[in-house]
Amino acid sequence: MDYQELLDGAVEAGRARLGDGRVADYIPALACADSTALGMALATVDGEVFEAGDAARPFSIQSISKLFTLALVLAEGGEALWRRVGREPSGNPFNSLVQLETEHGIPRNPFINAGAIVVTDRLLGLTGDAAGAVRGFLRAETGNPSLATNREIAASEAQHGHRNAALAHFIASHGNLDNDVDAVLAQYYEHCAIEASCRDLALAGRFLARHGVRADGERLLTRSEAKQVNAVLLTCGTYDAAGEFAYRVGLPGKSGVGGGVLAIIPGRGAVCAWSPGLDPAGNSVAAVAALDAFTTASGLSVF
């Protein structure tokens, strides 16, 4: 299978959708992102990396970081997390407050903002530095020691994070946060504002394609835990458009409002596409189109 040819064709398909989405502007520091950018990278379980377009350009990974916080919590703390957060699709926007009240402060899944705040709280309790744990993991898996948090973006998120603060305080009112709300939110913004490229994220996602085994050969998750994370990615990783993503792309995936989408091909590798223009659900229009073209042409899907 000619992965380079497949990526080149997928990026061309994605370029046809450039301009259809809208760059995230509710975080002002993200509003200046280049809406014409589009990159894609594939990292195989055997160590090969293929790139197309702007695959080397760093961008704010935003909610893609939630995949790594979840994996690290499961690795350190095991199944106890699932008493504090569910595993079901929300059917609501990623920053919705609606379900928290009816479900007594238990977020529907770990990838909506409320769920990710609970996971961050747990990782903070386990490590003392949730954002640092995520950065360290990404640096180790990618071999890129320069991966870092963009402090301007983190500060912009904090300054305009009233809804996230409301979510966190509501969760805390139900006794579902162990740490101080402000400390948890600071860690949350810090790991969401990490900058990485498509190449970096494809490399970092390979542990799920390898059924829980890291780049150095050490096991992070059991095979069963890796399966579970992939399952939640498939059903919840692209917010309230997870069904559409599964229909079009057919892979477990996690998106972020920075425009990135990281998808896992179990047993084969991880593929990341990025373009800042978003659809109403918060997923990149061109990146999803590129991933759709890639899986359609390659037949690499879980279905």
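Quick caveat, the model's predicted, so the values are computed rather than measured.

A look at the overall build of the chain
Move 1: If you tally the helices and strands in the chain, you get 13 helices and eight strands.
Move 2: The C-alpha atoms of the chain give a radius of gyration of 17 Å, which matches the 19 Å a tight globule of 303 residues would have.
Move 3: Projected onto its principal axes, the C-alpha coordinates of the chain cover approximately 50 × 40 × 35 Å.
Move 4: Across the 303 residues of the chain, 58% fall into the buried class.
Move 5: Sequence-distant contacts in the chain: of pairs separated by 6 or more residues, those separated by 24 or more amount to 69%.
Move 6: Here the chain holds 24 positive side-chain charges and 34 negative ones, and the gap between their average locations is 4 Å.

Remarks on the sheet that holds strand S4 (residues 148-149)
Move 1: The three strands lie next to each other as S3-S5-S4, forming an open sheet whose pairing is antiparallel. For this open sheet the edge positions go to strand S3 (59-60) and S4, each flanked by a neighbour on one side alone.
Move 2: Note: S3 against strand S5 (residues 194-196), two bridges, orientation antiparallel. Residue pairing across strands places Ser60 opposite Glu195, the latter belonging to S5.

A closer look at the pattern of salt bridges
Side chains carrying opposite charge are able to pair once their charged atoms draw close together.
Move 1: Applying the stated rule across the entire model yields twelve salt bridges.
Move 2: Linking Arg108 and Glu103 is a salt bridge whose minimum nitrogen-to-oxygen distance equals 2.4 Å.
Move 3: For Arg108, a relative accessible area of 22% corresponds to the partly exposed category.

A short note on the sheet that holds strand S7 (residues 260-265)
Move 1: Taken in spatial order, the five strands of this open sheet run S2-S1-S8-S7-S6, and their pairing is antiparallel. Looking at strand neighbours, the two that pair on one side only are strand S2 (49-53) and strand S6 (253-255), the edges of this open sheet. On average, each strand axis in the sheet is inclined to that of its neighbour by 10 degrees, with strand direction left out of account.
Move 2: Pairing of S7 with strand S8 (residues 269-274) involves six bridges; the strand directions are antiparallel. Residue pairing in the sheet places Val261 in a bridge with Ala273 of S8.
Move 3: Sheet strands in contact with helix H1 (residues 3-15) are strand S1 (39-44), S2 and S8, and its direction is about 30 degrees off that of S2.

A closer look at the environment of Pro28
Move 1: Its location among the elements puts Pro28 in the loop between H1 and S1.
Move 2: As a C-alpha pair, Pro28 and Ile153 span 125 residues in sequence and 8.2 Å in three-dimensional space.
Move 3: When near neighbours in sequence (up to four residues on either side) are disregarded, Pro28 contacts Ser156 and His160.

Thresholds, definitions, all that
Residues numbered from 1 in each chain as written. Predicted model: local features only at pLDDT ≥ 70, side-chain atom pairs only at ≥ 80, totals over all residues. Heavy atoms only, no water. Helix = DSSP H or I, 4+ residues; strand = E, 2+ residues; numbered from the N terminus. Rg over C-alpha atoms; globule rule 2.2 N^0.38 Å. Buried < 20%, exposed > 50% of the residue type's maximum accessible area, 1.4 Å probe, protein only. Contact = heavy atoms within 4.5 Å. Lys, Arg positive; Asp, Glu negative; His and termini not counted. Charge placed at Lys NZ, Arg CZ, Asp CG, Glu CD. Pairing = 2+ DSSP bridges. Salt bridge = Lys/Arg side-chain N within 4 Å of Asp/Glu carboxyl O. Axes fitted to C-alpha atoms, helices over the stretch in contact; angles between N-to-C directions.

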